[in-house]
Amino acid sequence: MSDRAVRVDTTSQVPPYEQIRAQLAALIRTGQLSEGERLPTVRQLAADLGLAPGTVARAYRELEAAELIRTRRGAGTRVAALPSGPHAHDAHQLGTLARDFTSAARALGADTEDILTAVRNALNSGPAPASASGSKTTEASVKVTGVRNGLEQQT
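What you see is a predicted model, and the numbers here were worked out from it, not measured in a lab.

Q: Please clarify how the pattern of salt bridges should be interpreted in this entry.
A: For the structure on display, the rule yields 3 salt bridges. In this structure, Arg21 and Glu18 form a salt bridge, with 2.6 Å as the shortest nitrogen-oxygen distance. Here Arg21 and its partner Glu18 are both found in helix 1 (residues 16-29), 3 residues apart, which amounts to about one turn of the helix. With respect to burial, Arg21 and Glu18 carry one shared label: buried.

See below:
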């Protein structure tokens, strides 16, 4: 399984576009996707993840608004240069994600200590593997091959 995989859990309370946006932003900010690397087209990523193109388009629009990617007619969508200084995170969006995660964890029966332990483990180990416990997760790996990129469905 690739470190550069984008996963979408359709049973999550986090909207699919936000899952895509957050994962691609993390790949860009950590340098796993570097400046100039081409991302898949909206239609290609949507097809690979089994989502509507509008869902992926919204994620790309938000990444463009955050100046993490740029789209040029004829050149496709590419990773933009990161600002030289530290990036500011959106405190409101972070709070929303935390509330969504906490609500989902509580629905599973987790108490506060279980939730904190899960967050600490996630921070220390990176992305968690896809769960087989009834969730419907689709994954696509971002493959960068010079000028040409594609996604490939992982099963």
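Having seen it, we continue.
Q: Whenever I open this one, the confidence of the model for the protein confuses me. Can you help?
A: The predicted structure's coordinates, where accompanied by low pLDDT, should not be read in detail. When pLDDT is averaged along the protein, the result is 79; 73% of the residues meet or exceed 70. A low-confidence stretch, residues 127-133 stays under pLDDT 50, and its non-local contacts, those more than four residues away or across chains, total 4 contacts. Within the model, pLDDT remains below 50 along residues 143-155, and this stretch shows 32 contacts once partners closer than five positions in the same chain are excluded.

Q: Help me understand the pairing of strand 3 (residues 76-79) in this model?
A: Relative to strand 3, strand 2 (residues 69-72) is paired through 4 bridges, and the arrangement is antiparallel. Within strand 3, the residue paired with Arg72 across the bridge is Gly76. The antiparallel pairing of strand 2 with strand 3 creates a hairpin that spans 3 residues between the two strands, and Gly74 there sits at a positive phi of about 85°.

Q: Please clarify how the packing of helix 1 against helix 3 (residues 53-65) should be interpreted in this entry.
A: Helix packing geometry: the angle between the two helix axes and the distance between the axes. One way to put it is that helix 1 packs onto helix 3 with a least axis distance of 8 Å and a crossing angle of 45°. With respect to their mutual orientation, helix 1 and helix 3 come out oblique. When the axes of helix 1 and helix 3 are compared, the crossing they make is right-handed. Packed against helix 1, whose contacting residues are Pro16, Tyr17, Glu18, Ile20, Arg21, Leu24 and Ala25, the element helix 3 presents Thr55, Val56, Arg58, Ala59, Tyr60, Glu62 and Leu63 at the interface. Broken down by class, the residue content of the contact of helix 1 with helix 3 amounts to 9 nonpolar, 1 polar and 4 charged.

Q: Any chance you could explain helix 5 (residues 112-125) here in plain terms?
A: Given 3.6 residues to a turn, an α-helix orients residues that are three or four positions apart in the same direction. Under the 1.5 Å per step criterion, the end-to-end length of helix 5 is 20 Å for 14 residues, consistent within 8% with the ideal 20 Å. Two to three positions downstream of the cap, the backbone nitrogen of Glu113 sits 3.2 Å from a side-chain oxygen, assigning the N-cap of helix 5 to Asp111.

Q: Whenever I open this one, the environment of Ala80 confuses me. Can you help?
A: Tracing the backbone shows Ala80 in the loop between strand 3 and helix 4 (91-107). On the basis of relative accessible area, Ala80 is assigned to the buried category, the value being 11%. Ala80 sits 47 residues away from Leu33 along the chain, and the two C-alpha atoms are 9.8 Å apart. Setting aside anything within four residues of it in sequence, one finds Ala80 in contact with Glu35, Glu67, Leu68, Ile69 and Arg70.

Q: Teacher, can you tell me more about a nonpolar patch on the surface here?
A: On the surface, Phe101, Val119 and Leu123 cluster together to form a nonpolar patch covering roughly 290 Å² of accessible area. Exposure remark for Phe101: the relative accessible area of 37% places this residue in the partly exposed category.

Q: Would you mind showing me how to read the nonpolar core here?
A: As a rule of thumb, soluble globular proteins bury nonpolar side chains together. By size, the foremost hydrophobic cluster in this structure holds 21 residues, and its most contacted members are Ile20, Leu24, Leu33, Leu49, Tyr60 and Leu63. Of all the elements in the fold, those that place two or more residues in this core are strand 1 (5-9), helix 1, helix 2 (42-49) and helix 3. Here this core takes 6 residues from helix 1, the largest share from any one element.

Rules used throughout
Residues numbered from 1 in each chain as written. Predicted model: local features only at pLDDT ≥ 70, side-chain atom pairs only at ≥ 80, totals over all residues. Heavy atoms only, no water. Salt bridge = Lys/Arg side-chain N within 4 Å of Asp/Glu carboxyl O. Helix = DSSP H or I, 4+ residues; strand = E, 2+ residues; numbered from the N terminus. Buried < 20%, exposed > 50% of the residue type's maximum accessible area, 1.4 Å probe, protein only. pLDDT = per-residue confidence, 0-100. Contact = heavy atoms within 4.5 Å. Pairing = 2+ DSSP bridges. Axes fitted to C-alpha atoms, helices over the stretch in contact; angles between N-to-C directions. Parallel < 35°, antiparallel > 145°, perpendicular 65-115°, else oblique. Left-handed = near helix turned anticlockwise from the far one by under 90°. Nonpolar A, V, L, I, M, F, W, Y, C, P; charged D, E, K, R; others polar. Expected span 1.5 Å × (residues − 1). Polar contact = N/O pair within 3.5 Å; in protein donor to acceptor, adjacent residues only side chain to side chain. Patch = residues over 30% accessible without salt bridge, like charges linked within 9 Å, V, L, I, M, F, W, Y side chains within 5 Å. Areas by Shrake-Rupley, 256 points an atom, 1.4 Å probe, with all protein chains shown as cover. Core = buried A, V, L, I, M, F, W, Y, C linked by side-chain atoms within 4.5 Å.

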